[in-house]
Structure formats: C-alpha cells, structure tokens
Amino acid sequence: MPGESMSIQARFWTVIATFLLALPGMANAHGERIVAAGDHDFPPYEFIDRDGNPAGLNVDLLSAIGQEAGFEVEFRLGPWEVGREAIISGEIDVLPMYIADFREPEIAFATPHVIIYHEIFIRQSTPALREFADLEGRSVIVQKDAWVHESLVDMGLNVNLVLVESEREALQLLSESLYDAALVSEVVGRRILREHELDMLTTSGPPLFPVEYALAVRSDNTELLARLNEGLESIKASGQFNRIHERWLGRTSELAPAPAHRSIWPFMIAALMMIVLLFWWLRRRDAHRSGATRMEHDFLHDAMTGLPNRLGLEKRLAEQLEPDRGSSDCCALIHLDIDQFKLVNESADYQSGDELINEISELLKTRFGSEGFLARPGSDEFCLLLDSSDEMRAAEQAESVRRALEQHEFRIDGEIVSLTASVGVAVIDDHIASIGEMLKRAEAACHAAKEAGRNRVHLYHPDDEAVAQRHGQMRWVREVVLALKEDRLELHFQRIEPARPDPEAGLIIEILLRMRMNDGQVVAAGEFVPAAEKYFIAHRVDRWVLRSTLNWLEQHRKGISGLERVFINISARSLGDDRFLPFVLEQFEHHDVPPDLIGFELTETAMMTHLQTGLRTIGRLQRMGCQFALDDFGVGTSSMAYLKQLPVDVLKIDGSFSRGAMSNQRERTLLTEINGLGHVLGKITVAEHVETEDIRKLMAEIGIDRVQGWAIGRPEPLDELLLG
C-alpha cells in the first residue's frame, strides 16, 4: 500500500539518520585519545603530585577541553626538553608552552590562556640585578630548552648559561653554588622558595617580560588546533575555565578575552574613537587614575575572595618595615592552613571547595577583619598581620581564629562540614633581613603545628625544636638531591647467617646505603632517609640503589663464592608507585643478574599503607624468583593480625626483642611465640641486632633461622666482598 510504503521508507531513513548522528559518539566510545606532554616539575601549571599523578592548571584545562571536544587525554609529564623534542617528532600531540616567534615555524599555538612573568633570583648577599641587561657577563642558571634559555640565545646576550633540567633544580643549585643568578618563572619560583625554605635566596627587581602561555601543536596539525580552540571557548563560556584558573592561580587571568565576532571590530573601534574624542578633555585625568588603581588592585588581590593575595601581603609587610616608622616594634604574623583541605576537595567537586574557601573568607573577614590585615596567600592558606608585636596578644588572637574555625558549621551541598586549622605565629621586628624571612618564620611555625597533630597554635622561637627539626630535614633533602647529582651515595653490606653456624651455608647480604659528605665524612642512611621519605624523594634513592646494586652484581657476582641472596630496602613511596614495578622489570631486562638472586625488604608501615599496589608488585616479582622480607616485625600494632595475609618470604624480627630476650623472660617468651608463628605460616625468621655471641646462641636455642648484627659482621663497603 502507498501509505505503508512511505511509512517503511520514513522509518528506514530515520534509522540511517540516527546511525549517522551516533557516529561521533561511537568514535568517542572507542576511546579517541590524544597524548599531551608537559614538565613534570612546573607547579602550579603542570607537575607530578605526591601520589604520582599528573596535576596542575594545564592538566585540568586539557581534561576539560577533552570532555568538550570529545577526546580523552593521556598525560606524559617528564623533563621539559623531552616533551619539546617529542612534539616536533610527532610522538605527542599537545604541549603547553610559551608563545615565541622563534618557535612558530614548527609550532602552532592555541588561544593563549595565561600570561607568565619571570623574575631574577639571586642569593641574599648578591648585588641587585634588575633587568636582563644586568645579566651581561654573569653566570645564570636556566632550564634547558625552556623559553628563557631559547630567548637568551635568540637575544644574543653575553651570558654564561648554566643548563639544568627543571626550575626547581635551578634554584637549588643557586642556593648552594657561586653562580650569580637564576632566571625562573615568577609563580613557580616563589612556590619553590616556600616549599624548600630556600631563605638564602630572594627575587631581584620587578617581574620581567610577561609571556603568553598556550597549548601548542605541530604546525601541520590544524584540525586538532581548531578543536582545542573550540573546547577552550566552550569552557570559558560555561565558567569552567575561571574555576580551573582560580583553583591553581588564585586570581583571574591578565589576558583580555578573545573577541567573539571579529567582524564587528571596525564598528567598535569607530565608536570608541568617537567616545574618546568627545570625553577626552573631561575624563582624561580621572580615567587614568581610576585605571591605574584598578590594575594595581587586581594585581595585589585574590579574584575569588577579594582578599589581598601573596603579593599584596608582601607589599604590606614591606610597608611595615619602612625605616621612617621610627620604631623597632613591627608586627606579628598569623599564618593558618586548613587541615586536610585536599580531602574536602576530593570528597566533592572543586566548585564546592571554592565555595567553602569563600565561606571561610567571609567568616574571617567578619570576625577578624578589623583586627589586622587579612590576606589569602595560597589556596587553603590565610594570614592575619597584626600591627603590634605583643607576643601574648598574637597568641591569643591566633587561638581565637583557630577556635572560630573549629566551632563554625560550614556547608557543602547542604551537608555540614567541620574544619580545623593549624596556626603558626611569628612575632617580627625590623631587624629581619627580608620579607621572605618574615613569611618563612610564620610558615615554619604553621608546619610545626601540623607536625604536632594539627588543630593547634604554634608560636615561633629561634630555638624551637619542632621547627629546627623540620629545617634540619630540609637540609638533608637538599643534601640527598645533591648527592644523587654528584654521585656521593655509596653501597655497603651486612651479612646474614644461620643462627647455628654452618660453613656450608650460602652467602646472604643486605645492601645498606651511605652518603659521603663533601668533607669526606660517611653518613648512615638513618640520618637522611627519613627526610627523603617525608619529603617525597625516597623513590629516587630507591631507584639509585637498585640500579647501582644490579650494575655492581653484573660486574662482580661470578667472582663471589656462594652468593645466594642480596636484599635491597625499598620505601613505602616506591611500593605505592605504580611506576616502580615497570622500572624493576626494566632493570632486570638490562642487567645480567638473575631475579632469584635479589630480595626486597619492606617495613610493615609500607606494606599496610600501600597493600593493594604492593600485592601486585610483590606477586609479579615473586613469580620471577625474587624474595620479600618484612622488616622490623613486631613493633607495629597490626603485625599479628595481618601477617597471614602478607605474601612475604622472610620475617625480620625487630632488634628490640633479641636484645631484651637476654635479660627478660617475658621478652624471650614473646620472641619464641613470634618465631613459632612465623614458622607456622611458612616464613623464614631472622633476628636483627644480634650484637654478641651470647645473643646468637640464645637465638639458636629459640629456633630462629638466621641472625644479623655486629656479632656476625659490621657494615662494610660493598667492594670488600671481592676480598673474600
């Protein structure tokens, strides 16, 4: 029938149209993906966070653009020069970078999304350097292949360039060397000074050369460039761009928005000229003053809360120290950091986190705004500057701030949220050498409050043990970084033998780490490894130890009689890093060392903190022949309950038990029970800190399998094994 035929045709074409409309979604469902590179150490723009994940302004920005444009983004953050080469070769699709004429033959840029200033960083004792011309004839540290490096070369400036991998490395090298200056981006550099407490450094002169920053593609990738620009416009229109920008930078972009319709520009320009000609003689002076005031206000204030930002706080501190104040009495600085704010952000979306920051800001303005100068120098940080240096009043005021936050009921998405803050107080006078020192004292006191348990007030004193401990740890962090660079780490070993001496037993050793200081002193790992673990560089140490041990064994193991097993310590950070297992596999592939010669030692804390990742790593390496030992067993609260679930081969019982068993029957009984439990579960037991032959005999009587300690052998350089 004609009507029925038409109906069938209509349905047919409807199905075809539906199919064609669904094609883009189907393509996306199959996982259309682009690869983006970036600097792994360029916070807050892009970096690897503490959990080993890509983070930063550009990561969030590209992810949001991908959602709008219909693609997923795979991030490969690493050394900057690697990304710079990879985009030219076509290995990656997108790389955020500064816009520069000398890059444009190879690179095409999307619409710029931020402007970045640069600053000259110098040591406190160095004469001021205010502009590029002042760098002539000097040694200047810059990041290799970055904009500053390329620009200085392009300018033909007579500068002795010292090239490093990252801006962090540039500032660390400057702090411990005789080079004249480092040229680093403003926000990144100031952040590094705070994080690493490089109080011997300061900025010199005003910010230099604002440079537009944009997402870049190869010049022949015009299709992707168009999609990036469309996605960028879309997230700007929705307000998502502003939220991302404020989250990471705390103030709106200095860039003017791109025009929506270029065709109306001639009319706009003509109208503007008429207005200017009409009102120029009447409004010139007032407009100039008003514009300058607005620009200064925007530069010194946080766009989200309206409070002064870090630059605004520094400006006010500088005013407090002006010589014409005529008094050594200056001020007190209260620095507060919201406890566990990251968890609040992770439990909701970032927009809710921004709303919470605004609510905190309003509370502080209402309650304490009239008491002093209130500022927001960081994402979850606030400062209150008091005019008086009365220590008692400052401490009382800080406690009032802490209590007000603790007692206030904040709301996220209709739910009540309780917040606390760690508060540091530093009383300041005009004898302090720099503004950086003033800020450092308050921040150090705040960190001490955190380390003491959070939700408390800590008053800074020069001899404060908590602050001194943290400063000491940071010095060790800097020393470890330099030791890695200068190859001053050394491998030692200690023997592990059967409790009952057995001449036929194979040779088992534990690799121990030492660091040689510049004065020749050799420092044990216990001095510097805790700081490396706390400040997230232990994984670098672990990788050095594994690589160096395998290198040594590859060269010498065949000349060592009876070598049965070599145990290597790895940290909790490495066990929780999903990149550690691929690294180990790669090392085994590149070294002629059988995996069944290697064992790994882990602490109970590392196992319980990273159990899921750890189980995957341990399972894979055990199947290859590696063994795993649980170190310091018996001192953790969950040891007994979890032992049967932990896939370890060796149980190293904490040395406190072996020492105590000689004189204490209770300790001896407990040691016997631990040993029996280990054997029931099929573990090899090892007693640590066996320091005398009498202790060794007792361990044999109890039934301990192996012993380690000074009675068996003291730590020695690894090369001593070659002497037999």
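The structure under discussion appears in the preceding block.
Rules of the game
- Every chain's residues receive numbers from 1 upward, in the order its sequence appears when written.
- The predicted origin of the model limits local features to residues at a pLDDT of at least 70 and limits the giving and counting of side-chain atom pairs to 80 or more, whereas totals for whole chains, interfaces and linings rest on all residues.
- Each side-chain value is worked out from all heavy atoms of the structure, with water and hydrogens disregarded.
- Put simply, DSSP marks the helices as runs of H or I at least four residues long and the strands as runs of E at least two long, and each gets a number from the N terminus on.
- Throughout this description, buried means an accessible area under 20% of the type-specific maximum (1.4 Å probe, protein chains only), exposed means over 50%, and partly exposed covers the range between.
- Should any heavy atoms of two residues lie within 4.5 Å, those residues are counted as being in contact.
- The accessible surface values rely on the Shrake-Rupley method and a 1.4 Å probe; as for residues, cover is taken only from the protein chains in view.
- Axes here mean lines fitted to C-alpha atoms, for a helix over just the part in contact, with angles spanning 0 to 180 degrees between N-to-C directions.
- For classification purposes, angles smaller than 35 degrees are called roughly parallel, those larger than 145 roughly antiparallel, those between 65 and 115 roughly perpendicular, and all remaining angles oblique.
- Note: crossing handedness is left-handed where the near helix turns anticlockwise from the far helix by less than a right angle, and right-handed where it turns clockwise.
- Gly is put with the polar residues, along with every residue not named as nonpolar or charged; the nonpolar set is Ala, Val, Leu, Ile, Met, Phe, Trp, Tyr, Cys and Pro, and the charged set is Asp, Glu, Lys and Arg.
- For each structure, a 1 Å grid was placed over the protein atoms alone; sets of points admitting a 1.4 Å probe that cannot get out are labelled cavities, open sets with protein on both sides within 12 Å along at least five of seven lines are labelled pockets, and lining residues have an atom within 4 Å of a point.
- Grid points are joined across faces, edges and corners, and a volume is the space filled by probe spheres set on the points.
- An expected span of 1.5 Å times one less than the residue number is assigned to each helix.
- Side-chain atoms alone can form a polar contact between residues adjacent in sequence; in general such a contact is a pair of N or O atoms within 3.5 Å, and within protein one must be able to donate a hydrogen while the other accepts it.
- A pair of aromatic rings is counted whenever rings of Phe, Tyr or Trp (Trp by its six-membered ring) have centres within 6.5 Å, and the orientation is called stacked for planes under 30 degrees apart, edge-to-face for over 60 and tilted otherwise.
- Charge over a ring is defined by NZ of Lys or CZ of Arg lying within 6 Å of the ring centre and within 35 degrees of the ring normal.
- By construction, the arc corresponds to the directions joining the helix axis to the C-beta atoms.
- For our purposes a nonpolar core is just a set of buried Ala, Val, Leu, Ile, Met, Phe, Trp, Tyr and Cys residues, chained together by side-chain atoms within 4.5 Å.
- By convention in these notes, a salt bridge is any Lys or Arg side-chain nitrogen within 4 Å of a carboxyl oxygen on Asp or Glu.
- In this scheme, strands are said to pair when DSSP sees at least two bridges between them.
- His is not counted, nor are the chain ends, whereas Lys and Arg count as positive and Asp and Glu as negative.

Caption draft 1: Structural view of the overall build of the chain. Regarding its fold elements, the chain presents 25 helices and 29 strands. Per-residue burial over the chain gives 48% buried out of 724 residues. Expressed as a percentage of contacts within the chain between residues at least 6 apart in sequence, the contacts between residues at least 24 apart total 71%. Surface accessibility of the chain: about 35,300 Å² in total, with carbon and sulfur atoms responsible for 51%.

Caption draft 2: Molecular detail of the packing of helix α17 (residues 538-556) against helix α19 (residues 580-590). In the contact formed by α17 and α19, the axes pass within 10 Å of each other and the chain directions differ by 15°. Taken together, α17 and α19 sit at an angle that is classed as roughly parallel. Classified by chirality, the crossing of α19 by α17 is right-handed. Facing R543, L546, R547, L550 and E554 of α17, the residues of α19 in contact are F580, F583, V584, Q587, F588 and H590. Residue composition of the contact of α17 with α19, grouped by class: six nonpolar, two polar and three charged.

Caption draft 3: Quick peek at empty space enclosed by the protein. Here the structure, examined in full by the defined rule, presents four cavities of 30 Å³ or more. F42, W80, Y98, Q143 and A146 are the residues nearest the centre of the largest cavity, which is lined by 15 residues in total. Of all the secondary-structure elements, those providing two or more residues to the lining of the largest cavity are β6 (95-98) and α4 (147-155). Among the elements that line the lining of the largest cavity, the one with the most residues is β6, at three residues. By residue class, the composition of the lining of the largest cavity is ten nonpolar, two polar and three charged.

Caption draft 4: Structural detail: helix α13 (residues 391-407). Its 17 residues place the ends of α13 24 Å apart at the C-alpha level, agreeing with the 24 Å of an ideal helix rising 1.5 Å per residue. Where α13 begins, the side chain of D390 points an oxygen toward the backbone nitrogen of M392, at a separation of 3.0 Å.

Caption draft 5: Molecular detail of the packing of aromatic side chains. Counted by the stated rule, this structure contains eight aromatic pairs. An angle of 80° between the planes, with centres 5.8 Å apart, marks the rings of F47 and W248 as edge-to-face. Of this pair, F47 sits in strand β3 (residues 46-48) while W248 sits in helix α8 (residues 240-249), placing them 201 residues apart in sequence. Each member of the pair F47 and W248 is classed as buried. An aromatic cluster is present here, built from F42, Y45, Y98 and Y213 joined pairwise through their rings. In this structure, R191 packs its charged tip against the face of F47, placed 5.5 Å from the ring centre. Its guanidinium or amino end placed over the ring of F583, R543 lies 4.6 Å from that ring's centre, counting from NZ or CZ.

Caption draft 6: Here's a closer look at helix α16 (residues 525-534). Residues of α16 that are buried: A525, F528, A531 and A532. Projection of α16 onto a plane perpendicular to its axis shows the buried side chains occupying an angular sector of 155°, all on one side. Two residues or fewer past α16, F536 is found with a positive phi of approximately 65°.

Caption draft 7: Here's a closer look at the nonpolar core. The biggest cluster of nonpolar side chains holds 73 residues, and the ones touching the most others in it are I598, F600 and M699. Among the elements that line this core, the one with the most residues is α17, at eight residues. When residues no more than four places from it in sequence are discounted, the contact partners of F600 are L546, F567, I568, I570, V584, L621, C626, Q627, F628 and A629. In this structure, L157, L173, V188 and L208 belong to the second largest nonpolar core, which totals 63 residues.

Caption draft 8: Structural context of the side chain of S175. Mapping S175 onto the fold places it in helix α5 (residues 167-175). Within polar-contact distance, the side chain of S175 engages the backbone oxygen of Q172 at 2.6 Å. Other than its neighbours up to four places away in sequence, S175 contacts R123, L198, M200 and L201.

Caption draft 9: Examining the pattern of salt bridges more closely. Tallied over the entire structure, the rule returns 28 salt bridges. A salt bridge links R227 to E32, with the nearest nitrogen and oxygen atoms 2.7 Å apart. In this pair, R227 sits in helix α7 (residues 222-238) while E32 sits in the loop between α1 (2-29) and β1 (33-39), placing the two residues 195 residues apart along the sequence. Owing to a relative accessible area of 30%, E32 belongs among the partly exposed residues under this scheme. A salt bridge links E399 to R403; the shortest N-O distance between them is 3.4 Å. Highlighted residues: E399 and R403, both in helix α13, separated by four residues, approximately one helical turn. Among the residues examined, E399 registers a relative accessible area of 26% and is labelled partly exposed. According to the relative accessible area criterion, R403 is partly exposed, its value standing at 34%. Residues participating in the shared-partner salt-bridge network are E119, R190, R310, E314 and E443.

Caption draft 10: Summary view of unusual backbone geometry. For the bond from P43 to P44, the omega torsion is 5°, close enough to zero to count as cis. Looking at where P44 falls in the secondary structure, it is placed in the loop between β2 (41-42) and β3. You will see that N455, though not glycine, has its phi angle at about 55°, which is positive. Relative to the elements of secondary structure, N455 occurs in the loop between α14 (435-451) and β19 (457-459). For D487, which is not glycine, the phi torsion reads 60° and is therefore positive. Mapped onto the fold, D487 is located in the loop between α15 (465-486) and β20 (489-498). Among the residues examined, D487 registers a relative accessible area of 55% and is labelled exposed.

Caption draft 11: Seen up close, the environment of L698. Its place among the elements puts L698 in helix α25 (residues 693-702). Among residues more than four places away in sequence, those in contact with L698 are A661, M662 and R668.

Caption draft 12: Structural view of the pairing of β1. With six of its seven residues buried, β1 lies for the most part within the structure. Here seven bridges tie β1 to strand β5 (residues 72-78), and the two strands are oriented parallel to one another. From the neighbouring strand, I34 faces β5, where its bridge partner is V73.

Caption draft 13: Local environment of the side chain of R514. Mapping R514 onto the fold places it in strand β21 (residues 507-516). This buried residue, R514, is left without a salt bridge; E490 holds the nearest opposite charge, at 7.7 Å. Once you skip the residues sitting within four places of it in the chain, R514 turns out to touch R488, L489, E490, H492, V522, V523, A524, A525, F528 and P715.

Caption draft 14: Representation of the packing of helix α2 (residues 57-69) against α8. Where α2 meets α8, the axes come as close as 9 Å, and the angle between the chain directions of the two elements is 165°. Taken together, the axis directions place α2 and α8 in an arrangement best described as roughly antiparallel. Judged by the sense of rotation from one axis to the other, the crossing of α2 with α8 is right-handed. For the pair α2 and α8, the contacting residues are L57, D60, L61 and A64 in the first and Q240, F241, I244, H245, R247, W248 and L249 in the second. When its residues are assigned to classes, the contact of α2 with α8 shows seven nonpolar, two polar and two charged.

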